[in-house]
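Chain residues, written in single-letter form:
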Amino acid sequence: MTTMTAQATTEAVGLDAVTKTYGAVRALDGITWAVPRGGFTAVMGPSGSGKSTFLHCASGLDRPTEGTVRVGGVDLGPLAEAKRTRLRRERIGFVFQAFNLIPSMDVEQNITLPLRLGGTEADPAWLAEVIGRVGLADRRTHRPSELSGGQQQRAALARALITRPEVVFADEPTGALDPRTARGVLRMLREAADLTGQTIVLVTHDPMAAAWADSVVFLSRGRIVDELAAPTASAVMARWETL
Ligand SMILES: Nc1ncnc2c1ncn2[C@@H]1O[C@H](COP(=O)(O)OP(=O)(O)OP(=O)(O)O)[C@@H](O)[C@H]1O
């Protein structure tokens, strides 16, 4: 019990010997890793190295074939589907490359959807702060089709933050954005870690994006092969080239 408490205070997400196989393919091959609480970590690796599979297993969207995943000290393994879904909804935020906004809802309805799904309503002050932080205060009643790509991604980020999740998993959130808009989104992820102590896990191919993180974890063939602290884009690039 003491160990569990210690883990829960230092790690936001913990993986012990996590393996995920698809037939003969070992997409994850014995990953043991503690994602530090309140930190911003980037996950990089070549195509097919297991980044998406890692994200799906670490966030409870999918179950590993073997091994243990903990979120906030809670072992996801024994949880029934409904409890896992609730834990995801309450503790985890997701941002994907495809923004996945609901076309028929306006910005505010999209952002508050996770709260409504959980049976609660937005606190107006927090909603205003989140919408302000992502710079969409004057777009609250617009539909996604009336927004630029960058604005849509910022709405998706606000939707991920509205529940005040302990952990935000972002999968290539800047992949479809121009460099300047991408920087705005990355700055917001950085602020979520710095201002509200949220844990950020960013999957990316982009060394410039990874340089916003506190550390970069490199995956290759389903294994963690290196970790780089205080990354710069050039150090990330140099390490990347040896993978
Ligand atoms: N549903 C699935 N069925 C079968 N094989 C899968 C499935 N999902 C992933 N894989 C395989 O697992 C391995 C890891 O895939 P994954 O999508 O996690 O890699 P990735 O690093 O995210 O790649 P990319 O950068 O191209 O998105 C690959 O060999 C892939 O073909």
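Residues numbered from 1 in each chain as written. Predicted model: local features only at pLDDT ≥ 70, side-chain atom pairs only at ≥ 80, totals over all residues.

Student: Any chance you could break down the UniProt feature "domain: ABC transporter" (unreviewed entry) in the chain for me, citing the residues and the numbers?
Tutor: Summarizing the sequence annotation, UniProt attributes the feature "domain: ABC transporter" (unreviewed entry) to residues 13-241 in the numbering used throughout. Regarding residues 13-241, the helix share stands at 37% and the strand share at 28%, and the terminal C-alpha atoms are separated by 28 Å. (UniProt positions renumbered as here; feature names shortened; annotations may be inferred. Helix = DSSP H or I, 4+ residues; strand = E, 2+ residues; numbered from the N terminus.)

Student: Could you give an account of the nonpolar core, naming the residues involved and the relevant values?
Tutor: One finds Val43, Leu157, Ala158, Leu189, Leu202 and Val216 to be the most contacted residues of the largest nonpolar core, which totals 63 residues. Here Leu157 is in contact with Val95, Val134, Val185 and Met188, once residues within four sequence places are set aside. (Core = buried A, V, L, I, M, F, W, Y, C linked by C-beta atoms within 7 Å. Buried ≥ 20, exposed ≤ 12 C-beta atoms within 10 Å, placed from the backbone. Contact = placed C-beta atoms within 7 Å.)

Student: Got a sec to walk through the site of the ligand? Specific residues and values, please.
Tutor: Near the ligand, the surroundings consist of Tyr22, Val25, Ala27, Gly45, Ser47, Gly48, Ser49, Gly50, Lys51, Ser52 and Thr53. The set of elements that each furnish at least two residues to the shell around the ligand consists of β2 (25-36) and α2 (51-58). Here the shell around the ligand gets three residues from one element, more than from any other, and that element is α2. In the shell around the ligand, the residues fall into three nonpolar, seven polar and one charged. (Near = placed C-beta within 6 Å. Nonpolar A, V, L, I, M, F, W, Y, C, P; charged D, E, K, R; others polar.)

Student: Summarise the pairing of strand β3 (residues 40-44); cite the residues concerned and give the values.
Tutor: Across the five residues of β3, five count as buried, placing the element largely inside the fold. Residues Phe40, Ala42 and Met44 line one face of β3 and the alternating positions Thr41 and Val43 line the opposite face, and both faces are buried. The pairing of β3 with strand β8 (residues 199-203) spans four bridges and is classified as parallel. Its bridge partner being in β8, Val43 is matched across the sheet by Val203. With four bridges connecting them, β3 and strand β9 (residues 215-220) associate as parallel partners. (Pairing = 2+ DSSP bridges.)

Student: Residue-level account of the confidence of the model for the chain, with values.
Tutor: Of all residues in the chain, 96% attain a pLDDT of 70 or more, and the chain-wide mean is 91. Within the chain, helix α1 (residues 2-10) has the poorest average pLDDT of any element, 55, and β3 the best, 97. The ipTM for the predicted assembly is 0.97, set against a pTM of 0.90. (pLDDT = per-residue confidence, 0-100.)

Student: Summarise unusual backbone geometry; cite the residues concerned and give the values.
Tutor: Phi angles above zero are rare outside glycine, and Arg164 is one such case at about 50 degrees. Within the secondary structure, Arg164 is located in the loop between α6 (149-161) and β7 (167-171). At Glu172, a position not held by glycine, the phi torsion is positive, near 50 degrees. With respect to the helices and strands, the residue Glu172 is situated in the loop between β7 and α7 (179-196). According to the C-beta neighbour criterion, Glu172 is partly exposed, with 19 such atoms within 10 Å.

Student: Got a sec to walk through the environment of Leu55? Specific residues and values, please.
Tutor: Note that Leu55 resides in helix α2. Along the backbone, Leu55 and Ala233 are 178 residues apart, and their C-alpha atoms lie at a distance of 22 Å.

Student: Give me the sheet that holds strand β4 (residues 66-71): which residues, what numbers.
Tutor: Across the sheet, four strands lie side by side as β2-β1-β4-β5; this open sheet has antiparallel pairing. This sheet does not close on itself; its edge strands, each paired only once, are β2 and β5 (74-75). Here β4 pairs with β5 via two bridges, running antiparallel. Paired with Val71 across the strands is Val74, a residue of β5.

Student: Provide a residue-level description of the sheet that holds β8, including the pertinent values.
Tutor: Strand order in this open sheet of six strands is β6-β7-β8-β3-β9-β10, and the pairing throughout is mixed. If you trace the sheet from one side to the other, it starts and ends with β6 (92-96) and β10 (223-229), each paired once. Between one strand axis and the next, the sheet turns through 20 degrees on average, direction left out of account. Of the strands in this sheet, β6 and β7 touch α6, which is tilted by about 170 degrees from β6. (Axes fitted to C-alpha atoms, helices over the stretch in contact; angles between N-to-C directions.)

Student: Provide a residue-level description of the packing of α6 against α7, including the pertinent values.
Tutor: For the pair α6 and α7, interaxial distance at closest approach is 10 Å and the crossing angle is 10 degrees. Comparing the axis directions of α6 and α7 gives the class roughly parallel. Crossing angle aside, the handedness with which α6 passes α7 is right-handed. Within the contact between the two elements, α6 uses Gly150, Gln153, Arg154, Leu157 and Leu161 and α7 uses Thr181, Gly184, Val185, Met188 and Ala192. Per-class residue counts for the contact of α6 with α7 are five nonpolar, four polar and one charged. (Parallel < 35°, antiparallel > 145°, perpendicular 65-115°, else oblique. Left-handed = near helix turned anticlockwise from the far one by under 90°.)

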